[in-house]
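Residues per chain are reported as follows:
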Amino acid sequence: MQQKKSVCIVTSQYLPHVGGVENYVDNLSRELAKRGHEITILTSEIENVPSYEKKEGIEIYRLPTKQFMGGRFPVLKQNRALRQFTKQFRTRRFDVMLVNMRFYFISLYAVRLAKKMGVRCIMLDHGSSHLNTGGKLTTKLSEWFEHGITFLEKRYCREFAGVSKASLEWIQHFGIHSDLLLPNAVDVEAFERYIGESTCDFRKKYGIPKDDIVISFVGRLTLEKGIDRLVNAVKRIDKERRDVWLLAAGNGYLLEKLTPVKSERTHFVGQIGSAEVAALLSQSDIFCLPSFSEGFPTCVLEAGVCRSFVITTYRGDAKEIVLNPDYGIILPDNAEDGLYEAIKSVLDRPEYRARATELCYERIVQNYTWRHTADRFLSWLD
């Protein structure tokens, strides 16, 4: 039996804030805690949420923060409360500090803190390209910022890892070379339980006939996720046939721009929780994520478990699930024409879609559960 480890996991945002990294940290933490390891999470404060909690044996500290970019970019307040916390926290002893995402101030704070504490530090990357903010100037500024903060973090942290091979390739852009891979995963049992217990009927809610085809999208409504191109592709299909629907879950800055131009069979369902995501995906025929910036997208794993046929891009490690056309469709990019043709090519092939979803499901169950990811992480600590 492995000796009990003390692990500090740092993430800019954490539940109840919704997102892929938040879910990653939550699931990995709970899997490690279930095995008897001591888990502490450092994250940003959220309004009306306690600054300290202990859930399922996991300690959660939320540090004083100002929120920018609609809550997407929290910045630590350099105040007395943070100084007092830092002084007290430095007396703690950890076997490792796992810091998620490079381009947040809390990540820089954490790697500096780890060095002062003499704690082994591993920085985990979740992306595969620079952030696209929707504007040319702000996107360029964010690139400069990411290079700058990564330069500083490299002074304090010597070990880097990625959630995907694409992430490991991406960090070479910053002069970082690593082969430490800690893949994303999915809680198969939880999602299957959600599906069995769900009372949420999206088809009934939006008046979708039983035999019509539902395409789903789950993610931020931003340019890097390609939702604008998906909406346009579905609108083109809507001009040719009237039995294809798009249900897009999530929020983002493109919502106001896309709402007036969408087809009548496209609906934005808003931000939804895991149980509703499971219901949406299980009631969908096709899941589409036309992203040009991904690490290892959680929603592709969830779609696979829910047996929704996957169409996505070559970015990130979705290609580790969708190995070839027998498993789904991996597009070389998220160009609208290619997306349109890919969707059209499978609309009238239910047998093909069914075979592909079974292959995806089996691959996920055998390789991408949180048990597999926790095993790999703990092997680094032996």
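Just so you know, these numbers come straight off a predicted model, no measurement behind them.

Our focus in this paragraph is the overall build of the protein chain. Of the regular secondary structure elements, the protein chain holds 14 helices and 16 strands. Rg of the C-alpha trace for the protein chain: 21 Å, near the compact-globule value of 21 Å for 382 residues, within the 12% margin. Across the 382 residues that make up the protein chain, the buried fraction comes to 56%. Sequence separation of at least 24 residues holds for 68% of the intrachain contacts in the protein chain that already meet a minimum separation of 6. Summed over its atoms, the accessible surface of the protein chain is roughly 17300 Å², and 50% of this surface lies on carbon and sulfur atoms. Computed over 54 positive and 48 negative side-chain charges, the inter-centroid distance for the protein chain is 7 Å.

Here we take up the pattern of salt bridges. The final tally for this structure, using the stated rule, is 28 salt bridges. Taking the shortest distance from any N to any O, the salt bridge between lysine 140 and glutamate 143 comes out at 3.3 Å. Residue lysine 140 and its partner glutamate 143 are located together in helix α4 (residues 136–156), separated by 3 residues, close to a single helical turn. Put simply, lysine 344 and glutamate 240 hold a salt bridge, and the shortest N to O gap is 3.5 Å.

In terms of nonpolar packing, the biggest core is built from 129 residues, with Phe89, Ile227, Leu230, Ile311 and Phe377 touching the most fellow members. Top element by residues in this core is helix α3 (residues 105–117). It accounts for 8 residues. With residues up to four places along the chain from it excluded, the contact list for leucine 230 reads Phe217, Leu246, Cys288, Pro290, Leu339 and Ile343.

Our next topic: the sheet that holds strand β9 (residues 159–162). Taken in spatial order, the 8 strands line up as β3-β4-β2-β1-β7-β8-β9-β10 in an open sheet, and their pairing is mixed. Sheet topology places β3 (52–55) and β10 (180–181) at the edges, where each strand pairs with a single neighbour. Sitting on the sheet, helix α2 (residues 80–89) is in contact with β1 (6–10), β2 (38–44) and β4 (58–63), with an inclination near 145 degrees to β4. Packing against the sheet, α3 makes contact with β1, β2, β4, β7 (96–100) and β8 (121–125), and its axis sits at approximately 165 degrees to β7.

Another aspect to go through is the pairing of strand β15 (residues 309–313). The element β15 is extensively covered by neighbouring structure, given that 5 of its 5 residues are classed as buried. Of the two faces of β15, the one carrying Phe309, Ile311 and Thr313 and the one carrying Val310 and Thr312 are both buried. The pairing of strand β14 (residues 286–289) with β15 spans 4 bridges and is parallel. Looking at the pairing, isoleucine 286 lines up with phenylalanine 309 of β15. Between β14 and its parallel partner β15, the chain crosses via helix α11 (residues 298–305), and the hand of that crossover is right-handed. Strand direction decides the pairing type here: β15 and strand β16 (residues 329–331), joined by 3 bridges, are parallel.

This brings us to the packing of α2 against α3. Taken N-terminus to C-terminus, the directions of α2 and α3 make an angle of 35 degrees; their axes are 11 Å apart at the nearest point. α3 is crossed by α2, and the crossing has right-handed handedness. Along its contact with α2, which presents Leu82, Phe85, Thr86 and Phe89, the element α3 presents Tyr109, Leu113 and Met117.

Reading the values: the criteria
- Throughout this description, residue numbers start from 1 for each chain and increase along the sequence as written.
- Confidence filtering applies because this is a predicted model: local features only for residues at pLDDT of at least 70, side-chain atom pairs given and counted only at 80 or more, and all residues used for totals across whole chains, interfaces and linings.
- Side-chain metrics rest on all non-hydrogen atoms present in the structure, leaving aside hydrogens and water.
- Only runs of H or I of at least four residues qualify as helices and only runs of E of at least two qualify as strands under DSSP, and these elements are numbered from the N terminus.
- Radius of gyration means the value over C-alpha atoms here, while the globule rule gives 2.2 Å times the residue count to the 0.38 power.
- Here the term buried applies to any residue with accessible area under 20% of the maximum for its type, exposed to any over 50%, and partly exposed to those in between, with areas from a 1.4 Å probe on protein chains only.
- Throughout, a contact is declared for two residues whenever any of their heavy atoms are within 4.5 Å.
- Using the Shrake-Rupley algorithm and a 1.4 Å probe, accessible areas are obtained, with residue cover drawn only from the displayed protein chains.
- His is not counted here, nor are the chain ends, while Lys and Arg score as positive and Asp and Glu score as negative.
- Charged groups are reduced to one reference atom each: NZ for lysine, CZ for arginine, CG for aspartic acid, CD for glutamic acid.
- A carboxyl oxygen of Asp or Glu within 4 Å of a side-chain nitrogen of Lys or Arg is what we treat as a salt bridge.
- Only buried Ala, Val, Leu, Ile, Met, Phe, Trp, Tyr and Cys residues count toward a nonpolar core, and they belong to the same one when joined by side-chain atoms within 4.5 Å.
- Here a strand pair is declared whenever DSSP counts at least two bridges between the two strands.
- Axis definition: a line fit to C-alpha positions, over the contact stretch in the case of helices; interaxial angles, taken between N-to-C directions, run 0 to 180 degrees.
- When the strands point away from the viewer, a crossover counts as right-handed if the route from the first strand across the helix to the second turns clockwise.
- Each crossing gets its handedness from the near helix: less than a right angle anticlockwise from the far helix is left-handed, clockwise is right-handed.

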